[in-house]
Amino acid sequence: MGNFNLLIIEDDLGDLKLTKHAVKISFKDVNIVDCNSADKALTFLTAENNSLDLPDLIILDLNLPKLCGLDFLKEVKTNEKLKHIPIVIFTNSNAKKDIRSAYENYASGYFRKPSEITEIIDVITIIINYWQNSLKY
């Protein structure tokens, strides 16, 4: 299988390192790009001179500075160039309103961040395995 492009949007450096570590442990063919804010990610995704491939999957935290995760989700899912990209929420929030809002705005999945590194690795592995297999075309 060819490379799989992953965009992680996470402002907490510790959570970002754990998520990237989880990806690297389980996958050798995943290219990771990360942004520490949703507005930077949106700029990256919509740049006219973006010579990089669009991500195959976005893993998005909800609680972000400036542009929140839900607003980022709304922006991407209403953009013709980007709306096909699956966005999986990976956040500390277990609030029903957040879960509902995420799915109302076409999130492709919603996962609460586990506290244990082994569980984080398991969840990230499940997410990426699912989307790698689903996006074979």
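In case you missed it, the structure is sitting above this.
Here is a short report on the structure shown in this document.

The rules behind the values
Along each chain, residue indices are assigned from 1 in the same order as the chain's sequence is written. Where totals are concerned, whole chains, interfaces and linings use all residues; where local detail is concerned, this predicted model gives features only for residues with pLDDT of at least 70, and gives and counts side-chain atom pairs only at 80 or more. Heavy atoms from the whole structure form the basis of all side-chain values; hydrogens and water molecules are not counted. Interaxial angles span 0 to 180 degrees and are taken between N-to-C directions of axes, which are lines fitted to C-alpha atoms, for helices over the stretch in contact. By definition, any uninterrupted DSSP run of H or I lasting at least four residues is a helix, any uninterrupted run of E lasting at least two residues is a strand, and each is numbered from the N terminus. If an angle is under 35 degrees, it is roughly parallel; if it is over 145, roughly antiparallel; if it lies from 65 to 115, roughly perpendicular; otherwise it is oblique. Handedness of a helix crossing follows the sense of rotation of the near helix relative to the far helix, less than a right angle counterclockwise being left-handed and clockwise being right-handed. Should any heavy atoms of two residues lie within 4.5 Å, those residues are considered in contact. Amino acid classes used here: Ala, Val, Leu, Ile, Met, Phe, Trp, Tyr, Cys and Pro are nonpolar; Asp, Glu, Lys and Arg are charged; the rest, including Gly, are polar. Here a cavity is any set of points on a 1 Å grid over the protein atoms alone where a 1.4 Å probe fits but cannot get out, and a pocket is any open set with protein on both sides within 12 Å along at least 5 of 7 lines; a residue lines the site when it has an atom within 4 Å of a point. Grid points are joined across faces, edges and corners, and a volume is the space filled by probe spheres set on the points.

Before going further, it helps to spend a moment on the packing of helix α2 (residues 38-46) against helix α3 (residues 69-77). It is the contact of α2 with α3, at a shortest axis distance of 10 Å, that shows an interaxial angle of 15 degrees. Here α2 lies roughly parallel to α3, going by the angle between them. Between α2 and α3 lies a crossing of right-handed hand. Residues A38, A41, L42 and L45 of α2 lie in contact with α3, whose contacting residues are F72, E75 and V76. Along the lines of polarity and charge, the residues of the contact of α2 with α3 split into six nonpolar, no polar and one charged.

Turning our attention to empty space enclosed by the protein. Throughout the structure, instances matching the rule amount to one cavity of 30 Å³ or more. Of the voids in this model, the largest cavity is the one considered here, and its volume is about 30 Å³. In this structure, the largest cavity is lined by I8, I9, E10, T19, I59, L60, D61 and F90. Every element with two or more residues in the lining of the largest cavity is listed here: β1 (4-9) and β3 (57-60). In terms of residue class, the lining of the largest cavity is built from five nonpolar, one polar and two charged.

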